[in-house]
Amino acid sequence: MPPIRQDLLATAESLKPTLKQLATEPRSVIEVHEDPHSLLGWKATETGQLKDISILNPGDSCIIDFGGHRTGFFSFDVVEVLTGITPADAPARLRLVFGEVLNDVAEPFEPYKGFLSASWLPEEIINVDFLPQHVDMPRRYAFRYVKITVISTSMRFGVRFENCVATKVTSAPLENPTPLSFKFGPPVSTEDQKLLQRIDTVAMETLRNCMQTVYEDGPRRDMRLWIGDLRLQALASYCTFKDYNLVKRCLYLFAALPHDDEGMLGACVYEKPRPHFGGTSIVDYALLFSPTLLEYVNASGDKETGRELFEIALKQFEIHFRKVSTDFLYVIPTSAPSFGGTDWHFIDWQEKLERTTSIQAVFIFCMRSLCDLASSLDLAPPQISTPQLATSTTCLEDLVVKMMNSSRKNHYDSEKGVFVSGEERQVSWASQVWAVIAGIPESKEQGAKALRLAYEDPEAVKGTTPYLHHYLCEAFILAGLDDLALSHIKLYWGSMIEAGAETFFEAWDPERPRFSPYGDLHVNSFCHAWSCTPSLLLRQMGFE
């Protein structure tokens, strides 16, 4: 176990927020039906109120609809309904399934085909020994729907359910900021305004439901803090809920709980049963700590935190520059895992993605961010140890120039007009996106052309998560392609709205709506941090 920086952990714990609560009663009871016209395959029909169900016997079930997604808790009363002989002489055994989307309550979880643990599946089997009884489910869930199935009672009684309550918890404000008015920004039609307002509302609800005592990646799974998600949540929060202290807490948790003795940052942090490192390090996430810290300092004005955590951010470049060749090209080790462990290179869950060009660009972007942070804090230009070079230490500013020049020489295909990656010179969205964000193209026009060509190329490798789709839109905006950014937000996040999303999903490919990076749709998260950024992107384009 790597050593814990107790001083930094104490700062993080001092910033732990108190959660707000909002109790809600059911809206209705529903039935679900297959729907070939629905992207996820199901539709709901309201059938009445819970009070209308007089008795449920073994094998019976009901689906309760709370009328909106929440992160929180569920409580209810179980009342025996006697069939003539008293008293109820056995426990009531119940199965409860908590649904973010209709698929959760419409489809069986077995046979489960995912490679993540089946213990993440949102179901419980409980025995209620004595009736009537009030039941407080002890675990926290992410849900709109609750399906209760009566597994067993005895021949003497059935049951009914009363006083069902869903209690939402969040550290975010319960009310949204002022809705977009579209008085500023590019002109859009009335129909598009309605869609974009809906997308903005769902994005903020996604962020809100992930804002707990840290910025969780997903309240269904994994219920913990990841650097890549944190950066996007923080940026979205700065223009909506403005919770700077929660960002600060998360930064200090990462700094306090390194992945190894040398100080490599972990990709994720666990809060419970006590704060500890997550056992995984992702190279691009460790590097992204620097822009996340810079953006926090710029948004909050808290330079003291920037100074205290600066060396930890700098250390990531010293560790990972060892994988940069003397030609200033980042080399992904052949032993690097495709999932988990140390030296994981993520970028996106896209199975076909060649990541070399993207990682090089992330390295450049993050070095530039740390140089900007040093300047804003009046610190000396940062340097790192570079034993593979002629000089034992090198200034990051010099490395930025050398790695950019190497990218232009080795990764840009002037005949195709795009950035390519790997021996097969793969064309992907990710390569163009990160090259533009890092400032590698020799002109804004060159970057815009590369983005447009790859975006319109049916053979280019696309993205499978809102994480990369966010960066695609960010790159469009940086390249002056606001029209493409806006149309893509409507197309991609709008298709999740069409699929019934009340919060945005962890993984989504509208052409493969059942896609899961984990092998089974039912272990996907349908409220996920990195998908909350339309609120940020729309405001970056000038909408207010």
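Cut-offs and rules
Residue positions within a chain follow its written sequence, with the count starting from 1. Where local features are concerned, this predicted model is filtered to residues with pLDDT of at least 70; where side-chain atom pairs are given and counted, the filter is 80 or more; whole-chain, interface and lining totals use all residues. Think of the side-chain values as coming from all heavy atoms in the structure, minus any hydrogens and water. A side-chain nitrogen of Lys or Arg and a carboxyl oxygen of Asp or Glu constitute a salt bridge if their distance falls within 4 Å. Runs of E in the DSSP output that reach at least two residues are strands. Runs of H or I that reach at least four are helices, and both are numbered from the N terminus. Classification of residues uses two cut-offs on accessible area relative to the type maximum, computed with a 1.4 Å probe and protein chains only: under 20% is buried, over 50% is exposed, and between them is partly exposed. Think of it this way: DSSP has to see at least two bridges between two strands before they count as a pair.

Asker: Lay out the pattern of salt bridges with the relevant residues and their values.
Answerer: Enumeration over the complete set of coordinates arrives at 32 salt bridges. Note that Asp-302 and Lys-248 form a salt bridge whose closest N and O atoms lie 3.4 Å from each other. One end of the pair, Asp-302, is in the loop between α6 (283-300) and α7 (303-320); the other, Lys-248, is in helix α5 (residues 244-256), with 54 residues separating them in the sequence. Like Lys-248, Asp-302 is buried. A salt bridge links Arg-512 to Asp-509; its shortest N-O distance comes to 3.1 Å.

Asker: Lay out the sheet that holds strand β12 (residues 276-277) with the relevant residues and their values.
Answerer: If you trace the 3 strands from one edge of the open sheet to the other, you get β10-β11-β12, paired in antiparallel fashion. Among the strands making up the open sheet, the edge pair consists of β10 (225-226) and β12.

Asker: Describe the environment of Lys-402, and please don't skip the residues or the numbers.
Answerer: Note on placement: Lys-402 falls in helix α9 (residues 396-410). Overall, the relative accessible area of 38% leaves Lys-402 in the partly exposed class.

Asker: Describe in detail the sheet that holds strand β16 (residues 418-421), supporting the description with residues and values.
Answerer: Judged by pairing direction, the sheet is antiparallel, and its 3 strands sit side by side in the order β15-β16-β17 without closing on themselves. Here the strands that pair on one side only, and so sit at the sheet edges, are β15 (412-413) and β17 (426-427). Where β15 and β16 come together, 2 bridges link them in antiparallel fashion. Across the sheet, the residue bridging to Tyr-412 is Phe-419, located in β16.

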